[in-house]
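# Summary of the model geometry
Here are the chains, one letter per residue:
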Amino acid sequence: MQLPALVEPITFQGLECFRLSVGAASAIVSRLGAQVLSWIDAAGRQRLFLSEHAKFDGSVAIRGGIPVCFPQFSGLGELPKHGFVRTRLWDRAPAPTAGESGSLTLRCADNAATRALWPHAFELQIAVTLGLAALEVGLVVRNTGEAPISFTGALHTYLAVDDIDAVSLHGLQGHVYRDAAKGNQIRTESDPQLRFVQEVDRVYHSVQRLLTISEGADSLSIAGPGFPDVVVWNPWKALCRGLPDMLPDGYRNMVCVEAAVAQVPAVVAPGRQWTGSQILGYA
């Protein structure tokens, strides 16, 4: 028997949002930034971190959930950090719903403001698909102009944890990474599991395998088809205290594991598109 999938408009933290529901599972997606702000699994556990001090007025990006970074990852370029679509209002686009999943697609395109910063024609789509045991966020980048475009970016996923001391991330052993917390040193991951005992700010290159994040008996799988890189971030004590939209000890309840295009920009020819997604699932 198939469960009914429901997508309904709601107001959340004063924002125009949509709630996706499948059985006991639900997700909330904001028109601001096409950002997933909540994912509650079928067991009733909140899987995404949302800061208690997050700002929802559009003046800055919302701290938590799954921000969309485009067309620049971090500060690696001349554009605003993480690009300019995190504070854009996106519009709903038609999307099919099938099986035991609910799907919502939001879109945005270039305008005069974006072209003043980045002189390219584009259309982005974010497709959020909710299942009983998984959440998938897909990104489509379409080049609607007459010249190639190149971009970096990420789905900047904030995962909720009960206690960072008990968290480990598996699947990165043997991968080369750039360590931004250590002066951008290039290293190779030697540990079978990454533990969090200090600030972590790393870009792992060419990650094709499934990752697993564990906390005690709980685990979550993370896949990023189409995205070549994985970013892992926890600000730890000193940096967290300096973030105005985080509680001083907020680092203890979150870790970012991001599907990213960070090392080498993706290039999209005129009239073509690039696709990537992040799939979060649990057993």
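Residues numbered from 1 in each chain as written. Predicted model: local features only at pLDDT ≥ 70, side-chain atom pairs only at ≥ 80, totals over all residues. Heavy atoms only, no water.

Another aspect to go through is the overall build of the protein. When you go through the protein residue by residue, the secondary structure sums to two helices and 21 strands. Against the globule reference of 19 Å for 283 residues, the protein gives a C-alpha radius of gyration of 18 Å, in line with a compact fold. For the protein, the C-alpha atoms occupy an extent of roughly 50 × 45 × 35 Å along the three principal directions. In the protein, buried positions account for 52% of the 283 residues. Within the protein, residue pairs in contact and separated by at least 24 positions form 62% of the contacts whose partners lie at least 6 positions apart. Summed over all atoms, the accessible surface of the protein reaches about 12200 Å², with 51% contributed by carbon and sulfur. Averaging the locations of the 23 positively and 26 negatively charged side chains of the protein gives two centres separated by 3 Å. (Helix = DSSP H or I, 4+ residues; strand = E, 2+ residues; numbered from the N terminus. Rg over C-alpha atoms; globule rule 2.2 N^0.38 Å. Buried < 20%, exposed > 50% of the residue type's maximum accessible area, 1.4 Å probe, protein only. Contact = heavy atoms within 4.5 Å. Areas by Shrake-Rupley, 256 points an atom, 1.4 Å probe, with all protein chains shown as cover. Lys, Arg positive; Asp, Glu negative; His and termini not counted. Charge placed at Lys NZ, Arg CZ, Asp CG, Glu CD.)

Before going further, it helps to examine unusual backbone geometry. The step from F70 to P71 runs through a cis peptide bond, and the omega angle for that step is 0°. Mapping P71 onto the fold places it in the loop between β5 (68-69) and β6 (91-93). A positive phi is found at S74, a non-glycine position, where the angle reads about 55°. Its place among the elements puts S74 in the loop between β5 and β6. Positive phi values are uncommon outside glycine, yet W236 reaches one of about 60°. Positionally, W236 belongs in helix α2 (residues 236-241). A relative accessible area of 12% places W236 in the buried class.

Okay, the pattern of salt bridges next. Considering all chains together, one arrives at 16 salt bridges under this definition. Its salt-bridge partner being R115, residue D110 comes within 2.5 Å of it at the nearest N-O pair. Among the residues examined, D110 registers a relative accessible area of 18% and is labelled buried. Residue R115 is classed as partly exposed on the basis of its relative accessible area, which comes to 40%. Close ionic contact of D179 with R202 constitutes a salt bridge, the shortest N to O distance being 4.0 Å. Residue D179 is found in strand β13 (residues 176-179), and its partner R202 is found in strand β16 (residues 200-204); the two are separated by 23 residues along the sequence. Considered together, D179 and R202 belong to a single accessibility category, that of buried residues. Each of D41, R45, R47, E215 and D218 takes part in salt bridges that share partners, so that together they form one network. (Salt bridge = Lys/Arg side-chain N within 4 Å of Asp/Glu carboxyl O.)

In terms of nonpolar packing, the biggest core is built from 72 residues, with I126, L135, L159, F196, I213, V232 and W274 touching the most fellow members. Among the elements that take part in this core, strand β20 (residues 254-268) stands out by supplying eight residues, more than any other. In this structure, L135 is in contact with A27, V36, W39, I66, V128, T129, L130, Q278, I279 and L280, ignoring residues within four places of it in sequence. Counting residues in each nonpolar core, the second largest holds nine residues, with I28, L32, L37 and I62 among its members. (Core = buried A, V, L, I, M, F, W, Y, C linked by side-chain atoms within 4.5 Å.)

Judged by its relative accessible area of 2%, D179 is buried. Here D179 is in contact with N184, Q185, R187, D201 and R202, once residues within four sequence places are set aside.

Turning next to the pairing of strand β18 (residues 218-223). By the bridge criterion, five bridges tie strand β17 (residues 211-215) to β18 in an arrangement that is antiparallel. Bridging from a neighbouring strand, L211 pairs with I222 of β18. Count of turn residues in the β17/β18 antiparallel hairpin: two residues, of which G216 carries a positive phi of about 65°. In this sheet, strand β21 (residues 273-281) lies alongside β18 in antiparallel orientation, the contact comprising three bridges. (Pairing = 2+ DSSP bridges.)

It is worth spelling out the side chain of N234 at this point. When you line up the elements, N234 lands in strand β19 (residues 229-234). Relative accessible area serves as the criterion here: at 0%, N234 is assigned to the buried category. In terms of polar contacts, N234 uses its side chain to reach the backbone amide nitrogen of W236, at 2.9 Å. (Polar contact = N/O pair within 3.5 Å; in protein donor to acceptor, adjacent residues only side chain to side chain.)

Once that is clear, we can look at the environment of L20. When you line up the elements, L20 lands in strand β2 (residues 15-22). Separated by 36 residues in the primary sequence, L20 and F56 have C-alpha atoms spaced 20 Å apart.

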